[in-house]
Amino acid sequence: RSNNQDFADTFEANGVRGFVVCDGVGGCRFGDVASKTVCEQFRKPFIEGAGSVEECIEKGVTLAEDALRGLQAAVNDPKSHKSTLAALVISGDDAYIVHVGDSRVYHFADGEYLWRTTDHSLAQMMVMTGDIEPEDIRTCEDRNVLLHAMGSASDTFKYQSTARKLSGLAYDGFIVCSDGFWEYVTGDRMIYV
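## Focus: the side chain of serine 35
Here is step 1: For serine 35, the position within the fold is in helix 1 (residues 31–48).
Here is step 2: Ignoring anything within four residues of it in the chain, the contact list for serine 35 reads Gln5, Asp6, Phe7, Cys22, Asp23, Gly24 and Ser83.

## Quick notes on helix 2 (residues 53–74)
Here is step 1: In this model, helix 2 (22 residues) spans 31 Å end to end at C-alpha, consistent with the 32 Å of a helix rising 1.5 Å per residue.
Here is step 2: Among the residues of helix 2, those classed as buried are Val53, Cys56, Ile57, Gly60, Val61, Ala64, Glu65, Leu68 and Gln72. Taken end-on, helix 2 shows its buried residues confined to a sector of 160°, consistent with a single buried face. Facing away from the buried side of helix 2 by more than 90 degrees, the exposed set consists of Ala73 and Ala74.
Here is step 3: After helix 2 finishes, the residue asparagine 76 shows a positive phi value of roughly 55°.

## Structural notes on the sheet that holds strand 3 (residues 85–91)
Here is step 1: With respect to topology, 5 strands assemble into an open sheet ordered 1-2-3-4-7, the strand pairing being antiparallel. Since the sheet does not close on itself, it has two edges, and those belong to strand 1 (6–13) and strand 7 (163–166), each with one partner. Sheet twist, expressed as the mean angle between neighbouring strand axes with direction ignored, is 10°.
Here is step 2: Looking at chain direction, strand 4 (residues 94–100) and strand 7 are connected through 4 bridges and run antiparallel. Residue pairing across strands places isoleucine 97 opposite arginine 164, the latter belonging to strand 7.
Here is step 3: Of the strands in this sheet, strand 1, strand 2 (16–23) and strand 3 touch helix 1, which is tilted by about 10° from strand 1.
Here is step 4: With respect to the sheet, helix 2 is in contact with strand 2, strand 3, strand 4 and strand 7, its orientation differing from that of strand 4 by roughly 15°.

## A few points about the pattern of salt bridges
Here is step 1: Under the criterion given, the structure shown has 8 salt bridges.
Here is step 2: In this structure, the salt-bridge partner of arginine 104 is aspartate 119, at a minimum N-O distance of 2.7 Å. Of this pair, arginine 104 sits in strand 5 (residues 104–109) while aspartate 119 sits in the loop between strand 6 (112–116) and helix 3 (122–128), and the two are 15 residues apart along the sequence. Side by side, arginine 104 and aspartate 119 carry an identical accessibility label, which is buried.
Here is step 3: Through salt bridges with shared partners, one network takes in Arg104, Arg116 and Asp119.

## With respect to the layout of surface pockets
Here is step 1: Size it by volume and the second largest pocket reaches roughly 240 Å³.
Here is step 2: Every element with two or more residues in the lining of the second largest pocket is listed here: strand 5, strand 6 and helix 5 (187–190).
Here is step 3: A total of 3 residues in the lining of the second largest pocket trace back to one element, the largest contributor, which is strand 6.

## Quick word on the nonpolar core
Where a protein is soluble and globular, its nonpolar side chains tend to be buried together.
Here is step 1: Formed by 22 residues in total, the largest nonpolar core has its most connected members in Val20, Phe42, Phe46, Leu85 and Met150.
Here is step 2: At the level of secondary structure, the elements contributing two or more residues to this core comprise strand 2, helix 1, helix 2, strand 3 and strand 4.
Here is step 3: Element by element, the count of residues in this core is highest for helix 2, at 6 residues.
Here is step 4: Those residues in contact with phenylalanine 42 that sit more than four places away from it in its chain are Phe11, Val20, Ile57, Gly60, Val61, Leu85, Ala87 and Val89.

Conventions adopted
- Residues numbered from 1 in each chain as written.
- Predicted model: local features only at pLDDT ≥ 70, side-chain atom pairs only at ≥ 80, totals over all residues.
- Heavy atoms only, no water.
- Helix = DSSP H or I, 4+ residues; strand = E, 2+ residues; numbered from the N terminus.
- Contact = heavy atoms within 4.5 Å.
- Expected span 1.5 Å × (residues − 1).
- Buried < 20%, exposed > 50% of the residue type's maximum accessible area, 1.4 Å probe, protein only.
- Arc of directions from axis to C-beta.
- Pairing = 2+ DSSP bridges.
- Axes fitted to C-alpha atoms, helices over the stretch in contact; angles between N-to-C directions.
- Salt bridge = Lys/Arg side-chain N within 4 Å of Asp/Glu carboxyl O.
- 1 Å grid on protein atoms, 1.4 Å probe; cavity = no way out; pocket = protein on both sides within 12 Å on 5 of 7 lines; lining within 4 Å.
- Points joined across faces, edges and corners; volume = space filled by probe spheres on them.
- Core = buried A, V, L, I, M, F, W, Y, C linked by side-chain atoms within 4.5 Å.

Following this line, the structure appears as structure tokens:
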């Protein structure tokens, strides 16, 4: 593409390390601005030491969502400035995973692929209802239709269903990526990347 809508960021502050990947939602204007904005806003509470990891996650997602709403208002287009979010936050031996949309976090341990986050997409819904097989997500014609994204035109935006904590993971591995990566590399092959 002439403009890249993926944006990745890392941060380390106050004993916490974070890895964030965002991807502008296709078909929406200013996806590149949206993905960068989400990354920048998500990290702010961690850098500022604004509470526990859980509190920083909540504040970071809220700041990002509010920033996108402000950008949408500035251009008078509520359908613009939308992005996915996938984040891995490490604090001690605990990992916190947050995601919205179809950017993913993959989890590996002992040289094996264990699981990935579940996309907020029409293709994922089709897998869950048994209409397609999990491996068909990559080729499904509706694979890029998102059911949930940062900047969604919803007054009831909820990130809570997308956040989880995993404990005791000092030696585990993770990959945080957008669909530009996972569409071409399966989870069981990522272990070799």
